[in-house]
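Here are the chains, one letter per residue:
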Amino acid sequence: MLAKRIIPCLDVRNGEVVKGVQFRNHEIIGAIEPLAERYAAAGADELVFYDITASADARVIDKSWVERVARLIDIPFTVAGGISSIEQAQQLLAMGADKLSINSPALQNPDLINQLVDEFGQQCIVIGIDSFFDSESQTYQVYQFTGDEQRTQKTRWQTADWLAEVVARGAGEVVLNCMNQDGVRKGYDIAQLQTLRRSCPIPLIASGGAGAKEHFAEVFQQAAVDGALAASVFHKNIIEISELKDYLATQEIVVRR
Amino acid sequence: MSKPSLVIVDTACANISSVRFAFERLGVSPLVTADAALINSADRVILPGVGTAAAAMRNLQRLELVDTLRQLQQPVLGICLGMQLLTTASAEGNVDCLGIIPTRTERLQAADLPLPHMGWNTVDGRADNPLLAGLPDASYFYFVHSFAVAVSAHTIASCHYGQTFAAMVRSGNFFGAQFHPERSGAAGATILKNFLELTDADTRT
């Protein structure tokens with residue numbers, strides 16, 4: 001059976017892994033390669049590297065570490081951050097990235113999704129969506145440039161509409177980052193993920209809010225996501241991946257061990 | 001035993017670096033080339049591929065490699081799309097493939113499951129599959145695909161996702177893996193190592 005994926009996310013800024021709370025106040029966690037190697041050895045199913053400053057700075061990420069990571073680890077990894085052209089995508093894939101995740105550049109130019117899918121295939125194009133629950137209007141809103149709090153802004157999209165749009169344009173996977181939950185470790189946004197799962201025919205990855213092993217079990221059981229992404233609980237050794245997988249197996253969730 | 005010379009066919013597809021790095025981790029330095037003479041003279045040949053079957057076949061035709069690949073006598077391993085290219089034809093773009101393994105590549109019928117089939121899934125191998133030697137039953141491998149090779153007499157391992165499909169195929173010296181051994185952890189590395197260690201007997205049965 002297809003296993004549910006556990007995906008540590010490494011936010012990269014200036015070549016180092018950092019972590020913020022609700023996208024702010026970033027603290028340095030460590031160098032990229034030892035962390036990547038540690039997570040791969042610990043049983044991570046996949047890794048995601050987000051250059052959180054890239055889109056906001058309108059430049060592509062410093063790519064030299066992509067090839068170093070590709071040489072080092074034997075599990076798939078995704079690279080995200082400011083990828084806004086076929087040439088940039090080509091370079092990152094040639095360096096050994098397995099998938100590319102596109103967020104703000106896709107919002108600015110949705111045709112980019114079609115172009116990337118046509119050129120490289122659906123399987124390597126992931127769309128990251130930063131979604132914020134606005135309690136006043138009771139709607140989920142898509143935000144962009146979330147890597148830089150000065151420039152973070154609401155888009156014209158409601159999350160369900162943008163999800164439908166990226167699926168129609170051929171995206172191969174969606175990472176839904178629920179901003180209200182990000183970094184506060186109180187659990188994934190089950191209600192939102194349940195709602196969007198119903199209209200998502202491609203793999204859906206939950207992001208934002210993981211704080212305890214139970215949160216992973218909940219999101220797999222209640223929202224039927226394909227994978228769960230988390231950062232701080234892994235970086236800070238609050239949850240050990242092999243223990244998490246042992247626990248999920250006791251909850252009858254299929255995991256690779 | 002000295003390490004065999006290994007060529008990765010430069011199909012201009014995207015996962016060539018990961019495949020090369022995976023062999024380098026095993027202590028082998030593959031040559032990435034689209035040169036027919038170099039491909040012919042290698043002890044082992046890898047046909048990598050991600051993207052679409054139509055684009056990959058177009059590349060192989062442009063590189064004039066179709067006949068070269070069909071006539072190879074040494075062990076050949078097609079990975080992911082590279083395995084699909086070994087079949088007669090693919091429904092992806094409705095294109096003729098290399099026709100080395102007489103079966104077809106069809107769209108995966110996954111019912112209401114998400115597509116692409118993406119992630120780690122278990123594989124049931126036939127006992128006589130030399131590439132799975134030393135691996136426990138139901139080992140996990142990393143898949144990412146929407147098209148799949150139909151089960152046939154040439155299937156040497158199968159996988160299930162909505163339907164059962166060929167996870168590995170084999171005809172004579174030609175082998176294929178639908179998953180990505182280069183990204184499948186220790187189990188994937190074992191497959192690549194087994195491929196390097198295939199004997200003449202393995203490829204003639």
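Chain B carries the name Imidazole glycerol phosphate synthase subunit HisH in an unreviewed UniProt entry, which gives Pseudidiomarina maritima as its organism. Note on chain B: under the UniProt heading Pathway (unreviewed entry), the record states "Amino-acid biosynthesis; L-histidine biosynthesis; L-histidine from 5-phospho-alpha-D-ribose 1-diphosphate: step 5/9." Per UniProt, the comment on chain B under Subunit (unreviewed entry) is "Heterodimer of HisH and HisF."

If you check an unreviewed UniProt entry, chain A appears there as imidazole glycerol-phosphate synthase from Pseudidiomarina maritima. You can read under Function (unreviewed entry) in the UniProt record for chain A the words "IGPS catalyzes the conversion of PRFAR and glutamine to IGP, AICAR and glutamate. The HisF subunit catalyzes the cyclization activity that produces IGP and AICAR from PRFAR using the ammonia provided by the HisH subunit."

Peer 1: How should the UniProt feature "domain: Glutamine amidotransferase" (unreviewed entry) in chain B be read in this particular structure?
Peer 2: With numbering aligned to this structure, UniProt lists the feature "domain: Glutamine amidotransferase" (unreviewed entry) at residues 37-196 of chain B. Secondary structure over residues 37-196 of chain B splits into 23% helix and 36% strand, and the C-alpha atoms at its two ends are 20 Å apart.

Peer 1: Explain the pairing of strand β12 (residues 155-161) of chain B here, please?
Peer 2: Looking along a regular strand, one sees the side chains alternate between the two faces of the sheet. All names here are of chain B. The buried fraction of β12 amounts to 5 of the 7 residues, a majority that puts the element mostly inside the structure. Pairing of strand β9 (residues 124-125) with β12 involves 2 bridges; the strand directions are antiparallel. If you follow Asp124 over to β12, its bridge partner there is Ser158. When β12 meets strand β13 (residues 163-171), the two strands line up antiparallel, connected through 6 bridges. By the bridge assignment, Ala157 is partnered in β13 with Met168. Between β12 and β13, which follow one another and run antiparallel, lie 1 residue, and Gly162 among them has a positive phi close to 75°.

Conventions we followed
- Residues numbered from 1 in each chain as written.
- Chains lettered and ligands numbered in written order.
- Predicted model: local features only at pLDDT ≥ 70, side-chain atom pairs only at ≥ 80, totals over all residues.
- UniProt positions renumbered as here; feature names shortened; annotations may be inferred.
- Helix = DSSP H or I, 4+ residues; strand = E, 2+ residues; numbered from the N terminus.
- Buried ≥ 20, exposed ≤ 12 C-beta atoms within 10 Å, placed from the backbone.
- Pairing = 2+ DSSP bridges.

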